[in-house]
Amino acid sequence: MSKGTVVLAYSGGLDTSCILVWLKEQGYDVITYLANIGQDEDFEAAQKKAESLGAKKVFIEDLRAEFVEDFIWPAVQANAVYEDRYLLGTAVARPCIARRQVEIARREGAHFVSHGATGKGNDQIRFELTCYALYPEVKVSLLYESGILENPKSRAPADLYLMTKNPEDSPSVPDVLEIEFKNGVPVKVTNVKDSKVTSSPLDIFSYLNDIGGKHGVGRIDIVENRFIGMKSRGIYETPGGTILLKAHLDIETFTMDKEVRRIKQGLGIKFSELVYNGFWDSPECDFVRHCITKSQENVEGKVQLSVFKGQVYILGRDSPTSLYNEELVSMDVQGDYDPCDASGFIRINAVRLREHHRLQGLSSTKQ
């Protein structure tokens, strides 16, 4: 008699194939689930393999558009970067994948879910926190532990990078793009060189991945702090995300009030930590996302940039909601600004500095 039904997040690789066989041996019915979030994978071959290993059903779910609109775009609005360098590509993908896994489990009457994430990594936490948040009664059946921590001193092999060219081997002519934003998300990309226009969310992100990958943009090799308390080495590629981060930072600074942006920067850091640690579906992350969305209401306009040899160079920007006042900042036009006001402003701000150094001088005298 079956012990129950398990929905297994399946990749077709050795790890999850071993889990499938083990679950069958333990007496479970296994439904395999493959999520297409844009990775280069032979889904037909994976389906045949799962069926040959005894999967009761195989679901192949195309989540690419959902992933971009519901997960990547909020990260773009947040300028989401963990520990100043990691753009959270993998971390953002996990709640997207787990959400559909839970939907399948509920629909199929399965009380168990399983995945192939290592017990020492972050993905176990991300998968399982999402599953427990959206399906509180579910049970996670097993974890497959594999892999070793690499020597952080060793150089990564060249064939490890799958999405991006080595910048040294990238084209000698840049791609010049114009990215249009509305409410803090990209709505159109135009390649100035060939006049190619892209406008759907999935097409925009895929196109920027292609352009960034061609020019070797978005490679990082870092040591990061995992949620569970250990440091680990991570090698990541986020070509499209890197282009969008540079462009969004530029248009956001151009259109957002200084003090609002200061608060929003803090929210972006908090959002990044929550996503990295697996709390996408927490009430605090929901609250932070709503605040960030509110901050993006006037983040609108176009950014021109060049993508070349591993770098993204901002060339210019334009916006109907810009807070940049050319007349006000001009040294040649006085406008409504009275330079005499600056003297009082400086003297008031100097009071605190004078007092600090006066006290420092008294302290030195006493010693």
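To start, this report covers the structure provided alongside it.

What counts and what doesn't
Residues numbered from 1 in each chain as written. Predicted model: local features only at pLDDT ≥ 70, side-chain atom pairs only at ≥ 80, totals over all residues. Heavy atoms only, no water. Helix = DSSP H or I, 4+ residues; strand = E, 2+ residues; numbered from the N terminus. Buried < 20%, exposed > 50% of the residue type's maximum accessible area, 1.4 Å probe, protein only. Areas by Shrake-Rupley, 256 points an atom, 1.4 Å probe, with all protein chains shown as cover. Lys, Arg positive; Asp, Glu negative; His and termini not counted. Charge placed at Lys NZ, Arg CZ, Asp CG, Glu CD. Pairing = 2+ DSSP bridges. Contact = heavy atoms within 4.5 Å. Axes fitted to C-alpha atoms, helices over the stretch in contact; angles between N-to-C directions. Core = buried A, V, L, I, M, F, W, Y, C linked by side-chain atoms within 4.5 Å. Domains from an automatic or database assignment. Parallel < 35°, antiparallel > 145°, perpendicular 65-115°, else oblique. Nonpolar A, V, L, I, M, F, W, Y, C, P; charged D, E, K, R; others polar. Phe/Tyr/Trp six-rings, centres within 6.5 Å; stacked < 30°, edge-to-face > 60°.

A count of helices and strands for the protein chain gives 11 helices and 12 strands. Within the span of the protein chain, comprising 367 residues, buried residues form 43% of the whole. On the protein chain, roughly 20,000 Å² of surface is accessible, and the fraction owed to carbon and sulfur atoms is 52%. The protein chain carries 44 positive and 52 negative side-chain charges, and their two centres are separated by 5 Å.

The subject of this paragraph is the sheet that holds strand β3 (residues 57-62). Strand order in the open sheet made by the five strands is β3-β2-β1-β4-β5, with parallel pairing throughout. Each edge of the open sheet carries a strand with a single partner, namely β3 and β5 (139-140). Inspection of the sheet shows strand β1 (residues 5-9) paired to strand β4 (residues 112-114) by three bridges, in the parallel sense. Along β4, the bridge assignment pairs Val7 with Val113. Along the sheet, helix α1 (residues 14-25) makes contact with β1, β2 (29-36) and β4, crossing β1 at roughly 175°. Each of β1, β2, β3 and β4 is contacted by helix α4 (residues 89-108), which is oriented at about 145° to β2, the strand it contacts most.

Here is a general trend for soluble globular proteins: nonpolar side chains tend to be buried in one another's company. One finds Trp73, Ile179, Phe271 and Leu305 to be the most contacted residues of the largest nonpolar core, which totals 68 residues. Counting residues per element, this core draws most heavily on α4, which supplies nine residues. Each of two domains, domain 1 (5-67 + 83-141) and domain 2 (158-318), supplies a minimum of three residues to this core. Ignoring sequence-local partners within four residues, the contact set of Phe271 consists of Pro74, Ala75, Ala78, Ala80, Trp280, Cys285, Val288, Arg289 and Ile292.

Moving on to the packing of helix α6 (residues 201-214) against helix α7 (residues 239-255). At their nearest, the axes of α6 and α7 sit 7 Å apart, and the two run at 100° to each other. With respect to their mutual orientation, α6 and α7 come out roughly perpendicular. Here Phe205, Leu208, Asn209, Gly212 and Gly213 of α6 lie close against α7, whose contacting residues are Pro239, Gly240, Gly241, Ile243 and Leu244. Per-class residue counts for the contact of α6 with α7 are five nonpolar, five polar and no charged.

Moving on to the pairing of strand β6 (residues 175-182). Burial of the side chains of β6 is restricted to one face: Asp175, Leu177, Ile179 and Phe181 are buried, whereas none of Val176, Glu178, Glu180 and Lys182 on the reverse face is. Strand direction decides the pairing type here: β6 and strand β11 (residues 301-308), joined by seven bridges, are antiparallel. Directly across from Glu180, in β11, lies its bridge partner Lys302. One ladder, built from six bridges, connects β6 with strand β7 (residues 185-191); its direction is antiparallel. Within the sheet, the bridge partner assigned to Glu178 lies in β7 and is Thr190. Two successive antiparallel strands, β6 and β7, enclose a turn made up of two residues, where Asn183 displays a positive phi of approximately 55°.

Further remarks concern the packing of aromatic side chains. Throughout the structure, instances matching the rule amount to nine aromatic pairs. Ring centres of Trp73 and Phe205 lie 6.3 Å apart, and the angle between their planes is 80°; on these two criteria the pair is classed as edge-to-face. Taken together, the positions of Trp73 in helix α3 (residues 64-78) and Phe205 in helix α6 put the pair 132 residues apart, joining distant regions of the chain. Among the residues examined, Phe205 registers a relative accessible area of 14% and is labelled buried. For the ring pair Tyr82 and Tyr276, a centre distance of 3.6 Å and an interplane angle of 5° mean the geometry is stacked. Pair noted here: Tyr82 is in the loop between α3 and α4 and Tyr276 is in helix α8 (residues 258-276), with a separation of 194 residues, a long-range link. Classification of Tyr276 by relative accessible area gives buried; the value is 0%. Here the aromatic cluster, defined as three or more aromatic residues joined through ring pairs, consists of Tyr82, Tyr86, Tyr236 and Tyr276.

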